[in-house]
Amino acid sequence: MVRRSEVTGSGGVRLAAWEFAEGPERGGGPEEGGRRPGVLLLHGLMGCASHWAATARRLATAHRAVALDQRGHGRSEQLAAGPPARTAYADDAIAAIEQLELAPAALVGHGMGALTAWQVAARRPDLVSALVICDMRASPLGAASQRAWAEWLSSWPVPFATLADVRTWFGEGDPALERPRPERGAFFAEVMAERSDGWRPVFSRRRILGVRETWVHDAHWDELAQVTCPALVVRGLDAELGRAEAQEMVRVLPRGAYAEIPDAGHLLPWEQPEAWYRAIEPFLHAVAARS
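Residues numbered from 1 in each chain as written. Predicted model: local features only at pLDDT ≥ 70, side-chain atom pairs only at ≥ 80, totals over all residues. Heavy atoms only, no water.

Draft legend 1. The arrangement of the side chain of His220 in detail. As for its position among the elements, His220 is in the loop between helix H7 (205-213) and helix H8 (221-225). A polar atom in the side chain of His220 sits 3.3 Å from the backbone oxygen of Trp215. Here Asp218 takes part through its backbone oxygen, which lies 3.3 Å from a polar atom of the side chain of His220. In contact with His220, other than residues within four places in its own chain, are Leu115, Trp118, Gln119, Ala138 and Trp215. (Helix = DSSP H or I, 4+ residues; strand = E, 2+ residues; numbered from the N terminus. Polar contact = N/O pair within 3.5 Å; in protein donor to acceptor, adjacent residues only side chain to side chain. Contact = heavy atoms within 4.5 Å.)

Draft legend 2. Region of interest: the nonpolar core. One finds Leu40, Met46, Trp118, Leu131, Ile133 and Trp156 to be the most contacted residues of the largest nonpolar core, which totals 68 residues. Those residues in contact with Met46 that lie beyond four places of it in its chain are His73, Trp149, Trp152, Leu153, Trp156, Phe188, Val191, Phe203 and Ile208. Counting residues in hydrophobic clusters, the runner-up holds 31 residues, among them Ala106, Ala130, Val132 and Val234. (Core = buried A, V, L, I, M, F, W, Y, C linked by side-chain atoms within 4.5 Å. Buried < 20%, exposed > 50% of the residue type's maximum accessible area, 1.4 Å probe, protein only.)

Draft legend 3. Expanded view of the pairing of strand S6 (residues 128-134). Taken across its seven residues, S6 has seven buried, putting it largely inside the fold. Relative to S6, strand S5 (residues 105-110) runs parallel, the two being bridged by six bridges. Its bridge partner being in S6, His110 is matched across the sheet by Cys134. In the sheet, S6 pairs with strand S9 (residues 231-236) via four bridges, with the strands oriented parallel. Paired with Cys134 across the bridge in S9 is Val234. (Pairing = 2+ DSSP bridges.)

Draft legend 4. Just the sheet that holds strand S4 (residues 64-68), in detail. If you walk across this open sheet you meet the eight strands as S1-S2-S4-S3-S5-S6-S9-S10, and the pairing is mixed. Each having just a single partner strand, strand S1 (2-8) and strand S10 (256-261) make up the two edges of the open sheet. Pairs of neighbouring strands in the sheet enclose a mean axial angle of 20 degrees, with direction left out of account. By the bridge criterion, six bridges tie S9 to S10 in an arrangement that is parallel. What sits directly across from Gly236, in S10, is Ile261. Contacting S6, S9 and S10, helix H9 (residues 243-252) crosses the sheet at an angle of about 155 degrees to S10. (Axes fitted to C-alpha atoms, helices over the stretch in contact; angles between N-to-C directions.)

Draft legend 5. Representation of the packing of helix H5 (residues 163-173) against helix H6 (residues 182-189). Between H5 and H6, the least distance of the axes is 7 Å, while the angle of their chain directions is 135 degrees. Relative to H6, the element H5 is oriented oblique. In this structure, the crossing between H5 and H6 has a hand that is right-handed. Every residue of H6 that contacts H5 at Leu163, Val166, Arg167, Phe170 and Gly171 is listed here: Pro182, Arg184, Gly185, Ala186, Phe188 and Ala189. (Parallel < 35°, antiparallel > 145°, perpendicular 65-115°, else oblique. Left-handed = near helix turned anticlockwise from the far one by under 90°.)

Listed below in structure tokens is the structure:
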């Protein structure tokens, strides 16, 4: 079962939150009927809450699992003006935790969503019980990275004639790929919509680049050091976050832990789901047991 709720984010932006459960009932624990610990899942840049469906359903056996469409993504309000300040994303996540009564919640973030998660944990430790950081760097990526992204976004052969063409290009044909990754094709198919001339992304690529501009030039080590809850840094062997930086992030985190998943890139929860579950479930269950 999936239940949609509306959250009022920073500046009155309307946000869609999706609660996942195995059956029609929500709330009680599997045996005692107690309150399930909350989990808020935050997707990355260009992602959407539905990308977390499998993870959320898996966690829903023991947690109250909610995925948030971040502003300008998914079913949340699309922004007409320029990119919002980076702080707005953390404000939105805080609003979701408070309005949906999830606190103290474990935050699970991928890419940009992981940055949002640790910024929330640093600012509002009272709301956060644990943190899972999936493939997000604390070091600045810089202007060269932003230029590369601009070139990559402009290379998309939109409109795509069919959804199968979307899967094929992102999973096999994209020159940025070193080898075929069909899960990547499925990932991007989920953020496409059919228009009169074919399939196009549900977001503005120019605006996505602007959103990335708000954090790509900055270092985020200071905020990472302010996270006091247990935190797990997860990276794929072929992911964007390198091993040395990931291990330094673990060292900087006051209560950091590390997990590495072989044969996985940036989209590691979708490329290697069972290994992903083996990494995060014991961590989250241990945190819940101590609560």
